[in-house]
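Each chain is listed here by its residues.
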Amino acid sequence: MLTHLLYVSSRNANCTDAELDNILASCQKNNPISGTTGLLLYSDMKFVQYVEGEYSKLLPLYDKIKHDNRHSNVNLISIGMIEKRLFPNWHMGLKKASLKEIDYVSEMGKEDKAALENVFEGKTEQGKKVQKLLETLMR
């Protein structure tokens, strides 16, 4: 069953830009094998990752992610079935994000900006709304 998983975490000081390159390289190597796609948004302080794939593959992946020492305070925001992938061709996209840039580039309304701020703060939002926001960010 096709599923999405969204979490937010705190970026640890040991997670340098070179480490981000390592994360991306690892995802691009391993995710095609498991059929996993998605997006990793990052700032100097936070990660927001949206992963999609088969449920049976996502749960072990999330367990591995939770124990990665490059971040802490991993907080599951949303998990659930999806009809189709948002990022079917991205074994993992990587994008630096700041709320100011997002507001400027995407011209989000106040309600959408508040929802995204809640995600970065680790507060639970409706899965469909978060998916739509992520889709908007990548346009």
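All values reported here derive from a predicted model rather than from experimental measurement. (Residues numbered from 1 in each chain as written. Predicted model: local features only at pLDDT ≥ 70, side-chain atom pairs only at ≥ 80, totals over all residues. Heavy atoms only, no water.)

K.L.:
Give a description of the overall build of the protein that names residues and reports values.
P.N.:
If you tally the helices and strands in the protein, you get five helices and five strands. Each helix and strand of the protein, ordered N terminal to C terminal, gives the series β-α-β-β-α-β-β-α-α-α. Scored against the burial criterion, the 139 residues of the protein give a buried share of 41%. Carbon and sulfur atoms form 51% of the exposed surface of the protein, whose accessible area is close to 7900 Å². (Helix = DSSP H or I, 4+ residues; strand = E, 2+ residues; numbered from the N terminus. Buried < 20%, exposed > 50% of the residue type's maximum accessible area, 1.4 Å probe, protein only. Areas by Shrake-Rupley, 256 points an atom, 1.4 Å probe, with all protein chains shown as cover.)

K.L.:
How would you sum up a nonpolar patch on the surface? Please name residues and give values.
P.N.:
On the surface, Met1, Tyr55, Leu59, Leu76, Ile79 and Met81 cluster together into a nonpolar patch covering about 550 Å² of accessible area. Elements that contribute at least two residues to the nonpolar patch include exactly helix H2 (55–66) and strand E4 (71–81). No other element matches the three residues that E4 contributes to the nonpolar patch. On the basis of relative accessibility, which here comes to 36%, the residue Ile79 falls in the partly exposed class. (Patch = residues over 30% accessible without salt bridge, like charges linked within 9 Å, V, L, I, M, F, W, Y side chains within 5 Å. Salt bridge = Lys/Arg side-chain N within 4 Å of Asp/Glu carboxyl O.)

K.L.:
Go over H2 with me, naming the residues and quoting the values.
P.N.:
Since there are 3.6 residues in each turn of an α-helix, residues three or four apart along the chain are aligned in direction. The terminal C-alpha atoms of H2, which comprises 12 residues, lie 17 Å apart, in line with the 16 Å expected from a rise of 1.5 Å per residue. If you check which residues of H2 are buried, you get Leu58, Tyr62 and Ile65. Projected onto a plane normal to the axis of H2, the buried residues spread over an arc of 60° and lie on a single side. Facing away from the buried surface of H2 by more than 90 degrees, the exposed residues are Ser56 and Lys64. (Expected span 1.5 Å × (residues − 1). Arc of directions from axis to C-beta.)

K.L.:
Please give an account of helix H1 (residues 17–34) that cites residues and values.
P.N.:
Its 18 residues give H1 an end-to-end C-alpha distance of 25 Å, which sits within 8% of 26 Å, the value for a rise of 1.5 Å per residue. The sharpest bend along H1 reaches about 30° and sits at Gln28, with the proline Pro32 one to four residues further on. Three or more residues of H1 are buried, namely Leu20, Ile23, Cys27 and Asn31. Where H1 is buried, its residues touch strand E1 (2–11), strand E2 (37–42), strand E3 (46–54) and strand E5 (93–96). Phi turns positive one or two residues past the end of H1, at Gly35, with a value near 75°. (Bend = angle between axes of the 7 residues up to and from the residue. Contact = heavy atoms within 4.5 Å.)

K.L.:
Any details on the nonpolar core? Residues and values, ideally.
P.N.:
Soluble globular proteins: nonpolar side chains tend toward being buried together. Residues Leu20, Ile23 and Phe47 are the most contacted members of the largest nonpolar core, which totals 14 residues. Elements represented by at least two residues in this core include exactly E1, H1, E2, E3 and H2. With residues up to four places along the chain from it excluded, the contact list for Phe47 reads Tyr7, Val8, Ser9, Arg11, Cys15, Leu20, Leu40, Leu41, Tyr42, Arg70 and His71. Among the nonpolar cores identified, the runner-up in size contains 11 residues, and Leu2, Val48, Ile77 and Ala97 belong to it. (Core = buried A, V, L, I, M, F, W, Y, C linked by side-chain atoms within 4.5 Å.)

K.L.:
Can you lay out the pattern of salt bridges for me, pointing to particular residues and giving the numbers?
P.N.:
For the structure shown, the criterion picks out five salt bridges. For Asp44, the salt bridge is made with Lys96, and the minimal N-O distance between the two is 3.5 Å. With Asp44 in the loop between E2 and E3 and Lys96 in strand E5, the pair connects residues that are 52 residues apart, well separated along the chain. Owing to a relative accessible area of 56%, Asp44 belongs among the exposed residues under this scheme. Across the pair Asp63 and Lys66 runs a salt bridge, and its minimum N-O distance is 3.2 Å.

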